[in-house]
Each structure stands twice: as C-alpha cells, then as structure tokens.
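Breakdown of the fold
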Amino acid sequence: MFYLPDEVFVNGERFKTYISKETLDKRIAEIGQEINRDFVDKRPILIGILNGSFIFLADLMRHISIPCEVDFIKLSSYGDEKVSSGKVTERKELDANVEGRHIILVEDIVDTGLSLSYMVKKMKEKHPLSVTIITLLHKFEATKYDIDIDYVGFPIKNEFVLGYGLDYAQEGRNLAQIYVLDPEN
Ligand code: PRP
C-alpha cells in the first residue's frame, strides 16, 4: 500500500496534496514513450542525481522499453534547509564511462538550476555524444542558470514541495505523491 495521505506534517509544518499519484503516473508514462521514440538505437545511459531523483528514475525507467543503462551521481546543494545553499557538494562520483554515449540526466526538481548547470558542465568534459535533461518538476520562476531542459514533467510555481523522492530535512521522500507547504498553517 502506498503512503498517500491528503495532508502530512513534516518537521512541524503542514503539507497538502499538490500533484496526485494518478497525475504523476500518467505524465511519467508519457515521458517514457517520448524517450522510447527519441532514443531508439541510441542505448542511452540514464544518470540519476541522488538523492531526490531515485523514485522518479525508477518509475520512469520502467516505462522505457528500448535498451538503456543507469548510473548515479550524488550532489547536494540544500543541506537541511528549504532554500539552496548556492554551493554544490559532490558526494558520489559516476562509475560508468560515458565517453561517446548518449547521457540522460534525470532530476526530481530544477529550482535555481545550479545543480544541473554544474552537472552538464561536468558531463560535457567527459566527451559524451549528447547530454539530455529530464526533470519531473521545474520551478521555472526560480531558475537563474541558463540550462536547456529537454523534458519537463510539470512546470510549478515557486513553492516548497515534498514527497516522491523530495525531502524536507531528509523526511518525506517516501510519500507516493507530491505535496506543497500550506502557507496557511
Ligand atoms: C535538490 C534536488 C536537485 C536540486 C535542485 O537536491 O534534488 O538536485 O536540489 O535545486 P537547484 O536547481 O537550485 O540546484 P538537494 O541538494 O536538496 O539534495 P537531495 O537530492 O539529496 O535532496
């Protein structure tokens, strides 16, 4: 049984449902179909940016029916706060050799764009054939870095969201849909 309350308290703050599991499932299936079409015969390597992306990546990959691979890199820019520290810390390196490969970077959320701009630069130094970006959520009004996002699940307002891999001080990643901080609490 999935963890799907209508509202939830995390670290004493109230969050309410924002994007339902049903809506997430439908959109992720669509993105999977687009990948199947756009990467046929390309054997892409999906690179999940930990921790936040692990649930989205796992669900997305199960909609991909062409040959593909997966690896992970771990970055952190938020610490336990609700706003970015402005500095990317690398906590786990990539294992795969991506030279000459089609890379698909998979993010749970793009906020300022700092993490992805760091990742794109780092990946391009490894001489891949292409670098594609997928994010489940895009806080488009908050993005300050110039990055081309190829597939966006849901553009969202500048609000603090939680669940489906996204945390608040490491809590809430296990929620099966996306929640938003309720400003009235
Ligand atoms: C979050 C999220 C993205 C990044 C987005 O990661 O998963 O990687 O922040 O913000 P940005 O566009 O401003 O860089 P976080 O640093 O919180 O680590 P986590 O994935 O382990 O939660």
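This text gives an overview of the structure that appears in the document.

What counts, and where the lines are drawn
Residues numbered from 1 in each chain as written. Predicted model: local features only at pLDDT ≥ 70, side-chain atom pairs only at ≥ 80, totals over all residues. Heavy atoms only, no water. Pairing = 2+ DSSP bridges. Helix = DSSP H or I, 4+ residues; strand = E, 2+ residues; numbered from the N terminus. Axes fitted to C-alpha atoms, helices over the stretch in contact; angles between N-to-C directions. Contact = heavy atoms within 4.5 Å. Polar contact = N/O pair within 3.5 Å; in protein donor to acceptor, adjacent residues only side chain to side chain. Buried < 20%, exposed > 50% of the residue type's maximum accessible area, 1.4 Å probe, protein only. Right-handed = clockwise from strand over helix to strand, strands pointing away. Near = heavy atom within 4 Å. Areas by Shrake-Rupley, 256 points an atom, 1.4 Å probe, with all protein chains shown as cover. Nonpolar A, V, L, I, M, F, W, Y, C, P; charged D, E, K, R; others polar. Salt bridge = Lys/Arg side-chain N within 4 Å of Asp/Glu carboxyl O. Expected span 1.5 Å × (residues − 1).

Attention shifts here to the sheet that holds strand β8 (residues 151-156). Taken in spatial order, the six strands make up an open sheet running β5-β4-β3-β6-β7-β8, and their pairing is mixed. The open sheet is flanked by β5 (89-92) and β8, the only strands paired with a single partner. Between one strand axis and the next, the sheet turns by 25 degrees as a mean value, whatever way the strands run. When strand β7 (residues 130-139) meets β8, the two strands line up parallel, connected through five bridges. Bridge pairing links Leu 137 to Phe 154 in β8. Running at roughly 170 degrees to strand β6 (residues 102-110), helix α3 (residues 114-124) makes contact with β3 (45-50), β4 (69-76), β5, β6 and β7 of the sheet.

As a further point, take the side chain of Asp 111. Inspection of the secondary structure puts Asp 111 in the loop between β6 and α3. A polar contact of 3.4 Å, which involves the side chain of Asp 111, links it to the side chain of Lys 139.

Before going further, it helps to examine the pairing of β7. For β7, the buried fraction is high: eight of the 10 residues fall into the buried class. Relative to β7, β6 runs parallel, the two being bridged by eight bridges. Opposite His 102, over in β7, you have Ser 130 as the bridge partner. Each parallel crossover has a hand, and the one from β6 via α3 to β7 is right-handed.

Attention shifts here to the site of the ligand. Taken together, the neighbourhood of the ligand is formed by 18 residues, with Ser 77, Glu 107, Asp 108, Thr 112 and Ser 115 sitting nearest. In the environment of the ligand, an oxygen atom lies 2.5 Å from a nitrogen or oxygen atom belonging to the side chain of Thr 112. Notes on the ligand: free accessible area 500 Å², of which the protein chains cover 94%. At the level of elements, β4, β6 and α3 are the ones that each hand at least two residues to the shell around the ligand. Considering only residue class, the shell around the ligand consists of six nonpolar, seven polar and five charged.

As a general feature of sheets, a regular strand has side chains that alternate between the two faces. Bridge count between β3 and β4: six bridges; the pairing is parallel. When the sheet's bridge partners are listed, Leu 46 is paired in β4 with Val 70. Each parallel crossover has a hand, and the one from β3 via helix α2 (residues 54-61) to β4 is right-handed. Both β4 and β5 contribute to a ladder of three bridges, which runs antiparallel. Within β5, the residue paired with Lys 74 across the bridge is Lys 92.

For the rest of this paragraph, the subject is the pattern of salt bridges. Per the stated rule, a full pass over the model turns up 17 salt bridges. Measuring nitrogen to oxygen at the nearest pair gives 2.8 Å for the salt bridge that ties Arg 62 to Asp 59. For Arg 173, the salt bridge is made with Asp 167, and the minimal N-O distance between the two is 3.5 Å. What makes Asp 167 buried here is its relative accessible area of 19%. Salt bridges linked by common partners bring Lys 26, Arg 27, Glu 30 and Glu 34 together as one network.

What follows covers the environment of Gly 165. Relative to the elements of secondary structure, Gly 165 occurs in the loop between β9 (161-162) and β10 (178-181). With a relative accessible area of 0%, Gly 165 lands in the buried category. Placed 112 residues apart in sequence, Gly 165 and Ser 53 show a C-alpha to C-alpha distance of 6.1 Å. Sequence-distant contacts of Gly 165, defined by excluding residues within four places in its chain, comprise Gly 52, Phe 54, Ile 55 and Arg 173.

Now for helix α1 (residues 21-38). For α1, spanning 18 residues, the distance from its first C-alpha to its last is 26 Å, which sits close to the expected 26 Å at 1.5 Å a residue. If you check which residues of α1 are buried, you get Lys 21, Leu 24, Arg 27, Ile 28, Ile 31, Gly 32, Ile 35 and Asn 36.

Everything listed is a geometric property; what it means functionally is a separate question.
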